[in-house]
Amino acid sequence: MTTARPALDPELRELLADMPLMTQLSPDVLAQLRRLPSTPVEPLLAHRQVDRREVTVPAKDGVPIPLSVFSPANADRSTGAPCVYWMHGGGMVMGDRFSQIDIPLEWLDEFGAVVVSVDYRLAPEATGTALVDDCYQGLLWVAEHSAELGIDPARIVVAGASAGGGLAAGVTLLARDLGTPAIAAQMLICPMLDHRNASTSSRQYAGGPGVWTREMNEFGWRAVLGDLTDDEVPAYVSPALADDLSGLPTAYIDTGSAEVFRDEDTDYATRIWAAGGQAELHVWAGGFHGFDALYPQARISATARRTRTEWLARLLLPDSAT
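Below, the structure is looked at part by part. (Residues numbered from 1 in each chain as written. Predicted model: local features only at pLDDT ≥ 70, side-chain atom pairs only at ≥ 80, totals over all residues. Heavy atoms only, no water.)

### With respect to the packing of aromatic side chains
Okay, so step 1: Counting across every chain of the model gives 2 aromatic pairs.
Okay, so step 2: Note on phenylalanine 288 and tyrosine 295: the rings are 6.2 Å apart at their centroids and 85 degrees apart in plane angle, and the pair reads as edge-to-face.
Okay, so step 3: Residue class for phenylalanine 288 comes out buried when judged on its relative accessible area of 4%. (Phe/Tyr/Trp six-rings, centres within 6.5 Å; stacked < 30°, edge-to-face > 60°. Buried < 20%, exposed > 50% of the residue type's maximum accessible area, 1.4 Å probe, protein only.)

Now the structure itself:
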């Protein structure tokens, strides 16, 4: 029996009609996708006054993890700028530190934020906590070098989309439990939070082609979890497993009504509230997974992106007039 689904936003539906969609991933298909050209960052920097710096930091096992640092050129670094620490999407199995980088670069434009993007290792070559640990080590480096980078250590926001949103949530849990570094907020964009794939929205987006389907999600999670059994999966990897969501920095969570992650994302916000925390949740009616990154020209996408920026403005620039 076919499970009924929320209708797509009409403009998005028209745009999506021209996109080749898949039902599932396989090792062969993943290999083909990885051979596609990576996201070129240079066109995004061409019209901006940005200083770019490439660094590497050691992972827990010593492997070098690349970071790209984008800073407003000619900025007064003595005052301390906000920082957006970015984790890219790609289902844990693809993408690089320039994937979806246009999203945080808008916050460089808007707030003079320093954007740092991490090239964490991918599954299945890296498994278990390796991905979230890579992201955490990069964040520690940013916090430890905040003065050198011209960053206000009290205004570091962790942010990510899809897999990167899940990693941002995991990094935030790690930072809370380890007591460092301080994180001002977590920006979780359609985050990949729950390996169990047991929600209604997960079942709704199974058995047919899509941008990200239940079957593709299962592939991504199998790749990152390796041989771990359900009771061995750490909450830092699958944040929906966390028993305690208290003591977390304020969160912004958004998702589409027409996507796999809808229910796990709304549940995460609900559980933050239940623990006495603060979260702002947006479920964009008719939005499919990653709609605002794929089609930023759509009206709903522009609204979603603007709403995130306005939330960050309230957080990062509380004394500024709106």
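### Section: the pattern of salt bridges
Okay, so step 1: Inspection of every chain in the model, using the stated rule, returns 20 salt bridges.
Okay, so step 2: Taking the shortest distance from any N to any O, the salt bridge between arginine 53 and glutamate 148 comes out at 2.7 Å. Of this pair, arginine 53 sits in strand 1 (residues 50-58) while glutamate 148 sits in helix 6 (residues 146-149), and the two are 95 residues apart along the sequence.
Okay, so step 3: You can call arginine 53 partly exposed: its relative accessible area is 33%.
Okay, so step 4: Each of the salt bridges in this network shares a partner with another, and the network as a whole consists of Glu42, Arg52, Glu54, Arg97 and Asp119. (Salt bridge = Lys/Arg side-chain N within 4 Å of Asp/Glu carboxyl O. Helix = DSSP H or I, 4+ residues; strand = E, 2+ residues; numbered from the N terminus.)

### Quick notes on the sheet that holds strand 1
Okay, so step 1: Taking strand neighbours across the sheet as the criterion, the 8 strands line up as 1-2-4-3-5-6-7-8 in an open arrangement whose pairing is mixed. Because the sheet does not close on itself, it has two edges, and the strands there are strand 1 and strand 8 (279-284). Each strand of the sheet is rotated relative to its neighbour by a mean of 15 degrees, with strand direction disregarded.
Okay, so step 2: When strand 6 (residues 185-189) meets strand 7 (residues 250-256), the two strands line up parallel, connected through 5 bridges. The residue of strand 7 that forms the bridge with isoleucine 189 is aspartate 254.
Okay, so step 3: Its contacts with the sheet put helix 7 (residues 163-178) on strand 3 (81-87), strand 5 (151-161) and strand 6, and the angle it makes with strand 5 is roughly 140 degrees.
Okay, so step 4: Most of the contacts of helix 10 (residues 262-274) go to strand 7, to which it runs at about 155 degrees, and overall it touches strand 6, strand 7 and strand 8. (Pairing = 2+ DSSP bridges. Axes fitted to C-alpha atoms, helices over the stretch in contact; angles between N-to-C directions. Contact = heavy atoms within 4.5 Å.)

### Structural notes on helix 9 (residues 214-225)
Okay, so step 1: With 12 residues, helix 9 should reach 16 Å at 1.5 Å per residue; the first-to-last C-alpha distance of 16 Å fits that figure.
Okay, so step 2: Buried residues dominate helix 9, accounting for 10 of its 12 residues.
Okay, so step 3: For helix 9, the full list of buried residues reads Arg214, Glu215, Met216, Asn217, Phe219, Gly220, Trp221, Ala223, Val224 and Leu225.
Okay, so step 4: Buried-residue contacts for helix 9 involve helix 2 (27-35), helix 5 (130-144) and helix 8 (200-204).
Okay, so step 5: Positive phi appears at glycine 226, one or two residues downstream of helix 9, with a value of about 60 degrees. (Expected span 1.5 Å × (residues − 1).)

### Considering the packing of helix 4 (residues 102-111) against helix 12 (residues 299-316)
Okay, so step 1: Contact geometry of helix 4 with helix 12 gives a least axis separation of 11 Å together with a crossing angle of 45 degrees. Regarding the angle of helix 4 to helix 12, the classification is oblique. Note that helix 4 runs across helix 12; the crossing there is right-handed. Where helix 4 abuts helix 12, its residues Asp102, Ile103, Glu106, Trp107, Glu110 and Phe111 lie against Arg305, Arg308, Thr309, Leu312, Ala313 and Leu316.
Okay, so step 2: Considering only residue class, the contact of helix 4 with helix 12 consists of 6 nonpolar, 1 polar and 5 charged. (Parallel < 35°, antiparallel > 145°, perpendicular 65-115°, else oblique. Left-handed = near helix turned anticlockwise from the far one by under 90°. Nonpolar A, V, L, I, M, F, W, Y, C, P; charged D, E, K, R; others polar.)

### Some remarks on unusual backbone geometry
Okay, so step 1: With an omega of 5 degrees, the peptide bond between alanine 123 and proline 124 qualifies as cis.
Okay, so step 2: Topologically, proline 124 is positioned in the loop between strand 4 (114-118) and helix 5.
Okay, so step 3: Of the consecutive residues threonine 180 and proline 181, the connecting peptide bond is found in the cis state with omega at -5 degrees.
Okay, so step 4: Of note, the phi angle at methionine 92 is positive, near 75 degrees, even though the residue is not glycine.
Okay, so step 5: By relative accessible area, which is 1% here, methionine 92 ends up buried.
Okay, so step 6: Non-glycine residue serine 162 carries a positive phi angle of around 60 degrees.

Shape is all these values report; function is a separate question.
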